[in-house]
Amino acid sequence: MNDTQNISLDLFRNFLEICNKLNLKWYMINGSALGAVKYGGFIPWDDDIDVGMPRKDYEIFLKEAQSLLPEHIFLQNYRTDKYFPHIFSKLRNSNTTFIERSIKHLNMNHGMYIDIFPLDNYPDDPETQKTFNRKKKVLVWKCVCNIKNNLSFKVKLRNCFVKLLGYGKRTHKSLAHLEKLISAFPENSKTFCNHGDRMRKKQCVSKEIYGNGCEMMFEGIKVNIPEKYDEYLTHKYGNWRADPPKEQQNSHHHTTICDPKKPYSEYIEF
């Protein structure tokens, strides 16, 4: 493993220790689940770890985790880091640097990290889904206007308009409104939705697929992935057994500075 993977794995061990102590439910998801099934660990050309937690477990983790973590590990979300622009959380190693191009301008913790996603109940009724998705779309625009990815002219124009209305200065308030919306549905729904997943059209997955989870090994650690992992990975990635072409075998993170030896505070000034 490389240095970044080792740091991610150490953050995951800390996450796992807290979940075991508090008896919290979680799943290794996204590319991390794929890596566990295909490679017994990291996808060779990637370095991150993604975990998902049902909302009620996620909220307990947010309430209790920081006091149980080592001093150099920071639980980051919009509640703890005002300019953090996402609806999920990260565990950051504050003694390292991982500055991504899209958010390098934001005054926040830029240490190496793992992602922790809340899995929210999603409405079963199609009409309720349509109303919900319309409301969610507008709130998401307000939340992401400060993220500078490779944007089309249309999206850049929309972001400028949203920022003129002042939303780029109060992202944490927009995220609070979005979180209230996405976490409002009852637990008897049939679907979990990971609203922080960048694969937006594939965010929703049947709770039956998650089930109680299936034990796999990830770099020598026992992990819990969705129970019907074949269905899960097929839903997410199609023919997941085939490797992508060589030119696509690279990390989806685009960094300006990646340094496992120095804290991000030595590189940036706001």
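Residues numbered from 1 in each chain as written. Predicted model: local features only at pLDDT ≥ 70, side-chain atom pairs only at ≥ 80, totals over all residues. Heavy atoms only, no water.

A.B. asks: Looking at this structure, I do not really get helix α8 (residues 229-237). What am I missing?
C.D. replies: One full turn of an α-helix is made of 3.6 residues, so residues set three or four places apart face in the same direction. Residues of α8 that are buried: Tyr 232, Leu 233 and Lys 236. Along α8, the residues classed as buried sweep out an arc of 90° about the axis, all on the same side. Where α8 is buried, its residues contact α2 (30-39), β8 (204-206) and α7 (207-210). Following α8 by one or two positions, Gly 238 adopts a phi angle in the positive range, close to 70°. (Buried < 20%, exposed > 50% of the residue type's maximum accessible area, 1.4 Å probe, protein only. Helix = DSSP H or I, 4+ residues; strand = E, 2+ residues; numbered from the N terminus. Arc of directions from axis to C-beta. Contact = heavy atoms within 4.5 Å.)

A.B. asks: Explanation requested: the pattern of salt bridges in the structure shown.
C.D. replies: Side chains that differ in sign of charge can pair as their charged atoms come close. Following the criterion strictly, the structure yields ten salt bridges and no others. When the shortest N-O distance is used, the salt bridge between Lys 38 and Asp 243 registers 2.6 Å. Within this pair, whereas Lys 38 is found in helix α2, its partner Asp 243 is found in the loop between α8 and β11 (255-259), the two being separated by 205 residues in sequence. By relative accessible area, which is 25% here, Lys 38 ends up partly exposed. Residue class for Asp 243 comes out partly exposed when judged on its relative accessible area of 44%. Ionic pairing is found between Asp 120 and Arg 55, a salt bridge with its closest N-O pair at 2.7 Å. One end of the pair, Asp 120, is in strand β6 (residues 112-122); the other, Arg 55, is in helix α3 (residues 55-68), and 65 residues separate them in sequence. Of the two residues, Asp 120 and Arg 55, both sit in the buried class. One continuous salt-bridge network, built from bridges that share partners, spans Arg 55, Glu 59, Arg 79, Asp 120 and Glu 179. (Salt bridge = Lys/Arg side-chain N within 4 Å of Asp/Glu carboxyl O.)

Keep in mind these values describe shape, not function.
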